[in-house]
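Close look at the chain arrangement
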Amino acid sequence: PPPVFACLFAAPLAWQDASGDLHGIEALDADAERNAISTALEDRRSCRDAKDRVDLSFEAATTDALQSAITRGCAALHYSGHGHPQCLTFEDGRGGLQPVPPSQLRSLVARRPPKLAVVSACHSRRAADALVEAGCAHVVAVSLDAPLLDAAAVAFTRAFYLALAVGDTVAAAFSVGVEAVAASPRVAGAASDAGKGDKFELLPLGGDHDEA
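Residues numbered from 1 in each chain as written. Predicted model: local features only at pLDDT ≥ 70, side-chain atom pairs only at ≥ 80, totals over all residues. Heavy atoms only, no water.

1. With respect to the packing of helix 2 (residues 63-72) against helix 3 (residues 102-110)
We apply this condition: Every angle, taken between N-to-C directions, lies between 0 and 180 degrees, and every axis is a line fitted to C-alpha atoms, over only the stretch in contact when it is a helix. For the purposes of this entry, the term helix denotes a DSSP run of H or I that reaches at least four residues, the term strand denotes a run of E that reaches at least two, and both are numbered from the N terminus. For this analysis, residues touch if any pair of their heavy atoms sits within 4.5 Å. Here the term charged refers only to Asp, Glu, Lys and Arg, the term nonpolar to Ala, Val, Leu, Ile, Met, Phe, Trp, Tyr, Cys and Pro, and the term polar to all other amino acids, Gly among them.
Packing of helix 2 against helix 3 brings their axes to within 8 Å, and their N-to-C directions diverge by 35 degrees. Contacts between helix 2 and helix 3 involve Thr63, Leu66, Gln67 and Ile70 from the former and Leu105, Leu108 and Val109 from the latter. Of the residues belonging to the contact of helix 2 with helix 3, the class tally is five nonpolar, two polar and no charged.

Encoded structure:
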């Protein structure tokens, strides 16, 4: 069977504070990022044999969905959602937010870690480090400020996955993705800011990412 590419998108409607009060959560442009992934890989499908295809799976980011993807043995994992310095935000299955700290994320993934994982969220570094510790060979952290998140994530995602699909190494595809953000007219200040610092990281640092 074709390798499974599990894409999880977290879009909880509200979070609950210590007093039990509910607070609304700003929605991310998940549709644009989802379309960027499918378009990049479907373009590749049209010019290669069926044996080169991947099985794309799009689901709400719940811990059940993550555990199921890991149990089935996904080759790649893409998470998109709101990040927090102490956790990733998942959905609780009822429209609410479930915080998943790095230690729990590591435990969920370590049983059968995918070779590639991408974390597209604010404050994604700690979650990315947890995935490296769980055994993922290549982990991309897309850690962007909120005003840049949607447009930059879409630009990076489209370019990164298309480069992977045509046979580039992970390292080369990562460079292509960063360059795409810097050149994007939809990302304000991209050329001077979005391609620098720790907004995009390929982990583990110093690791061998010359794998197609």
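We are not done yet, so read on.
2. Section: the sheet that holds strand 6 (residues 83-84)
Put simply, the rule is: Following DSSP output, two strands are said to pair if at least two bridges run between them.
On the basis of which strands lie adjacent, the open sheet formed by three strands has the order 6-7-8 and antiparallel pairing. Only two strands of the sheet have a single neighbouring strand rather than two, namely strand 6 and strand 8 (97-100). The strands touched by helix 3 are strand 7 (87-91) and strand 8; relative to strand 8, the strand with the most contacts, the crossing angle is about 85 degrees.

3. Section: the sheet that holds strand 9 (residues 116-120)
Taken together, six strands build an open sheet; the order of strands is 4-1-5-9-10-11 and the sheet is mixed. Edge positions in the open sheet fall to strand 4 (55-60) and strand 11 (200-203), since each of these has one partner strand only. Across the sheet, the mean angle separating the axes of adjacent strands is 10 degrees when strand polarity is ignored. Contacts from helix 2 reach strand 1 (4-9), strand 4 and strand 5 (76-80), with the element oriented near 170 degrees to strand 1. The sheet contacts of helix 4 (residues 125-134) involve strand 9, strand 10 (138-142) and strand 11, and relative to strand 11 the element is tilted by about 15 degrees.

4. Here we look at helix 6 (residues 170-183)
Selection criterion: In this scheme, a helix's expected span is set at 1.5 Å multiplied by one less than its residue total. Type-normalised accessible area, obtained with a 1.4 Å probe on protein chains alone, sets the label of each residue: buried when under 20%, exposed when over 50%, and partly exposed for intermediate values. Starting at the helix axis, one direction is taken to each C-beta atom, and the arc is that of these directions.
Its 14 residues place the ends of helix 6 20 Å apart at the C-alpha level, agreeing with the 20 Å of an ideal helix rising 1.5 Å per residue. Within the span of helix 6, buried status applies to Val170, Ala173, Phe174, Gly177, Val178 and Val181. Along helix 6, the residues classed as buried sweep out an arc of 140 degrees about the axis, all on the same side. Away from its buried face by more than 90 degrees, helix 6 exposes Glu179 and Ala183.

5. A closer look at the environment of Ala183
Structurally, Ala183 can be placed in helix 6. Residues Ala183 and Ala155, 28 residues apart in the sequence, show an inter-C-alpha distance of 9.2 Å.

6. Overview of the packing of aromatic side chains
Put simply, the rule is: Pairing of aromatic rings covers Phe, Tyr and Trp, the last through its six-membered ring, and needs centres within 6.5 Å; plane angles under 30 degrees mean stacked, over 60 mean edge-to-face, and all others mean tilted. Definition used: whenever NZ (Lys) or CZ (Arg) falls within 6 Å of the ring centre and also within 35 degrees of the ring normal, the charge is taken to sit over that ring.
Tallied over the entire structure, the rule returns seven aromatic pairs. The ring centre of Phe9 lies 5.2 Å from the NZ or CZ of Arg34, which sits over that ring.

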